[in-house]
Amino acid sequence: MGTLPNKLPQGVYYGGAWHRSSSQQIPVYSPSTGQEVAKVDSAGEEELEAAVKAATAGQKIWAKTIPLERSRVMREAASKIKEHKEELARLDALDSGNSLRGMLFDVDIAVTLMEFFAGLATEIKGETVPVGAGKVNYVVREPVGVVARIVPFNHPLMFACAKLAPPIMAGNSVIIKPSEETPLSSLKVAELIGGLFPPGVLNVLNGGPDLGAGLSTHPGIASVSVVGSAATGRAVMRQAADTLKHVSLELGGKNALVMFPDADVEKAVQSAVKGMNLPWTAGQSCGSTSRVFVHESLYDPVVDQLAAAFDAVKPGDPLSPSTEMGCLSTRGQYDKVRGYIEIAQNEGARMVAGGDVPEELSHGFFVRPTVFADVTPDMRIAQEEVFGPVLSVLKWSDYDSLIEAVNGVDYGLTASVWTRDISQAMRAVDDICAGYVWVNNSSDHFLGTPYGGMKQSGIGREECLGEMLSYTEQKNVNITFEA
Ligand code: NAD
């Protein structure tokens, strides 16, 4: 099920060069075989200090680079990533266990977002405010400085690329910290595009939570953002408090898909399957619609159809182009998902699909797509983020209790509403507490639209102009002149 395709650069990347680290190396395992495929350098305190110093120097040069030149470089970076699409997707499939198909799609998304932000170069605009005769008042946006972006394991390449683009386009330098579980593709990213920017503008440091904490506390870093779990988001916010950094957080979800009695059942069921992102990441997606609320009038047939649709999705070798769904990305994920399957059964939920591990794939972290029916809102399976291929189906009859249950979780990332009645849809959109809501759709992100969550799902919005502007500071200038 795959070995490392090509030689990867050795070391950590900062200041426009590779540096060997004296810190412990990180072993990298293929989750589909359990075998070690590489060892990569992790950054210790010494490398962190040197990287921040290099990023500070690089940022000063980059901030003075005119926006159209920044655009040109970012577009060149995007096309380099595009040229190496197959290789990058293979690295991610090997490292994360996500399907090759899904990871090819991730490269497309990465390129699209890099190009999108490249095109926004001239949108870092200020404003003028009228303050009376003899004075001019204007506001300019300046970069914040050095930005640290800490990313998770589920979309390694896509997050590395999509998260470096907005702060760099705003004139900042960036230190990307990939997940210690999936460090491979970001090394390749640094190799491919690091040299396009002035030294120190793009830096990639591999390491675990300790490095994340080092970045969040470092006085030379102005802004830290994390895509990860709510627990990590809270830790980063605490760590960043002493140096009062800008903080933005894209965290977990326990997202609802609601079927009203008049829903187009066939499409809604398809959307509930699509909403779980099984072929993409084996359900390891923050936006997965993992709680499906079905009106009692539709309940039994919908449960049957969901079970059949989940049974039809077969896990297989992540690196095979024909594989529909890969495996879970880490042993921790595998144990967690299997633990939740057991918890749900003990809580009295009815397992109608999956739940087991395919025997022929027992060498890796494979779990069949699983559906639990008769889930009630108080069960742990309905409250906690599983982050895997496990769907809970809940029956509802009364609108107010439905909304109470939909909103009765700590998270508020996405929601999907299925009805043909526009008034019903708009009422539900108003009542549901979530940052990204689909009516008669799920899973898709639309270019330029703000993605992010409410409550414990995070702070801030990404994939939009606002994300780029969040890496700027406003400076107000007031000039008095002789009129
Ligand atoms: P995680 O929180 O364990 O790790 C994410 C990153 O944070 C990793 O790079 C990790 O090394 C780092 N980290 C961990 N502890 C840290 C600490 N104390 N200080 C600083 N950095 C630390 O998350 P994960 O298991 O890699 O990813 C799964 C989580 O990510 C899920 O909760 C999922 O919902 C969330 N996620 C959210 C989005 C979104 O856009 N909202 C997207 C993808 C994933």
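These numbers come from a predicted model, not from an experiment.

Criteria and thresholds
- Residues numbered from 1 in each chain as written.
- Predicted model: local features only at pLDDT ≥ 70, side-chain atom pairs only at ≥ 80, totals over all residues.
- Heavy atoms only, no water.
- Salt bridge = Lys/Arg side-chain N within 4 Å of Asp/Glu carboxyl O.
- Helix = DSSP H or I, 4+ residues; strand = E, 2+ residues; numbered from the N terminus.
- Buried < 20%, exposed > 50% of the residue type's maximum accessible area, 1.4 Å probe, protein only.
- Near = heavy atom within 4 Å.
- Polar contact = N/O pair within 3.5 Å; in protein donor to acceptor, adjacent residues only side chain to side chain.
- Areas by Shrake-Rupley, 256 points an atom, 1.4 Å probe, with all protein chains shown as cover.
- 1 Å grid on protein atoms, 1.4 Å probe; cavity = no way out; pocket = protein on both sides within 12 Å on 5 of 7 lines; lining within 4 Å.
- Sits in = over half its atoms within 2 Å of the grid points.
- Phe/Tyr/Trp six-rings, centres within 6.5 Å; stacked < 30°, edge-to-face > 60°.
- Lys NZ or Arg CZ within 6 Å of the ring centre and 35° of its normal.
- UniProt positions renumbered as here; feature names shortened; annotations may be inferred.
- Contact = heavy atoms within 4.5 Å.
- Patch = residues over 30% accessible without salt bridge, like charges linked within 9 Å, V, L, I, M, F, W, Y side chains within 5 Å.
- Lys, Arg positive; Asp, Glu negative; His and termini not counted.
- Charge placed at Lys NZ, Arg CZ, Asp CG, Glu CD.
- Domains from an automatic or database assignment.
- Buried area = accessible area lost by both parts, 1.4 Å probe.
- Nonpolar A, V, L, I, M, F, W, Y, C, P; charged D, E, K, R; others polar.
- Points joined across faces, edges and corners; volume = space filled by probe spheres on them.
- Pairing = 2+ DSSP bridges.

### Some words on the pattern of salt bridges
Next, step 1: Within the structure shown, the criterion is met by 21 salt bridges.
Next, step 2: Its salt-bridge partner being Lys 39, residue Glu 36 comes within 2.7 Å of it at the nearest N-O pair.
Next, step 3: A salt bridge links Lys 188 to Glu 87; the shortest N-O distance between them is 3.2 Å. Remark: Glu 87 occurs in helix α3 (residues 85-96) and Lys 188 occurs in helix α6 (residues 184-193); sequence separation between them is 101 residues.
Next, step 4: When its relative accessible area of 7% is taken as the criterion, Lys 188 is described as buried.

### Observations concerning the site of the ligand
Next, step 1: Taken together, 29 residues lie near the ligand, and Val 151, Glu 180, Thr 232, Leu 251 and Glu 385 sit nearest.
Next, step 2: A distance of 2.8 Å separates an oxygen atom of the ligand from a polar atom in the side chain of Lys 177.
Next, step 3: Between the ligand and Glu 385, the relevant distance is 2.5 Å, taken from an oxygen atom to a side-chain nitrogen or oxygen of the residue.
Next, step 4: Within the complex, the protein chains bury 88% of what would otherwise be the 850 Å² of accessible surface of the ligand.
Next, step 5: In this structure the site holding the ligand corresponds to the largest pocket.

### What about the packing of aromatic side chains?
Next, step 1: One pass over the structure, following the stated rule, counts ten aromatic pairs.
Next, step 2: Relative to Phe 117, the ring of Phe 116 lies with its centre 5.0 Å away and its plane at 65 degrees, an arrangement referred to as edge-to-face.
Next, step 3: Given a relative accessible area of 18%, Phe 116 falls into the buried group.
Next, step 4: For Phe 117, a relative accessible area of 1% translates into the label buried.
Next, step 5: If you follow Arg 427 out to its NZ or CZ, it ends over the ring of Tyr 399, 3.9 Å from the centre.

### Focus on the UniProt feature "active site" (unreviewed entry) in the chain
Next, step 1: The UniProt record marks Glu 250 with the feature "active site" (unreviewed entry), using the residue numbering of this structure.
Next, step 2: Mapping Glu 250 onto the fold places it in strand β11 (residues 246-250).
Next, step 3: Classification of Glu 250 as buried rests on a relative accessible area of 6%.
Next, step 4: Beyond its immediate stretch of four places on either side in the chain, Glu 250 contacts Val 226, Val 227, Gly 228, Leu 413, Tyr 451, Gly 452, Ser 457, Gly 460, Arg 461 and Glu 462.

### What about a negative patch on the surface?
Next, step 1: Together, Asp 398, Asp 400, Glu 404, Asp 430 and Asp 431 make up a negatively charged patch on the protein surface.
Next, step 2: Elements with a contribution of two residues or more to the negative patch: α14 (399-407) and α15 (422-431).
Next, step 3: Tracing the sequence through the fold places Asp 430 in helix α15.
Next, step 4: A relative accessible area of 65% means that Asp 430 is categorised as exposed.

### A short note on the domain arrangement of the chain
Next, step 1: Along its sequence, the chain is carved into domain 1 (10-250 + 456-474) and domain 2 (254-437).
Next, step 2: Averaged C-alpha coordinates put domain 1 and domain 2 at centres separated by 31 Å.
Next, step 3: Counting from both sides, the interface comprises 29 residues of domain 1 and, opposite them, 29 residues of domain 2.
Next, step 4: Summing both partners gives a buried area of about 2,200 Å² for domain 1 against domain 2, and 57% of it is carried by carbon and sulfur.
Next, step 5: At the junction of domain 1 with domain 2, the criterion picks out zero salt bridges.
Next, step 6: Seen at the junction of domain 1 and domain 2, the total is 13 residue pairs in polar contact (both at pLDDT 80 or more).
Next, step 7: Mapped by element, the contributors of at least two residues to the side of domain 1 that touches domain 2 are α3 and α4 (100-119).
Next, step 8: Per element, the largest residue contribution to the side of domain 1 that touches domain 2 is seven residues, and it comes from α4.
Next, step 9: Here the residues of the side of domain 1 that touches domain 2 are counted per class, giving ten nonpolar, twelve polar and seven charged.

### Digging into the layout of surface pockets
Next, step 1: Taken as a whole, the largest pocket spans an internal volume of roughly 890 Å³.
Next, step 2: Around the largest pocket sit 39 residues that line it, and Pro 152, Gly 228, Ser 229, Ala 230 and Thr 232 are the ones nearest its centre.
Next, step 3: Contributing elements (two or more residues each) for the lining of the largest pocket: α7 (209-217), α8 (230-241) and α12 (331-347).
Next, step 4: For the lining of the largest pocket, the leading source of residues is α8, giving seven residues.
Next, step 5: Considering only residue class, the lining of the largest pocket consists of 16 nonpolar, 14 polar and nine charged.
Next, step 6: Composition of the lining of the largest pocket by domain shows at least three residues from each of domain 1 (10-250 + 456-474) and domain 2 (254-437).
Next, step 7: Together, 34 residues line the second largest pocket, and Phe 105, Ile 109, Trp 280, Ser 443 and His 445 are the ones closest to its centre.

### As for the pairing of strand β3 (residues 25-29)
Next, step 1: Burial along β3 is one-sided: the residues Ile 26 and Val 28 are buried and none of Gln 25, Pro 27 and Tyr 29 is.
Next, step 2: As consecutive antiparallel partners, β3 and strand β4 (residues 36-41) are separated by six residues, and within that stretch Gly 34 has a phi angle of approximately 80 degrees, a positive value.

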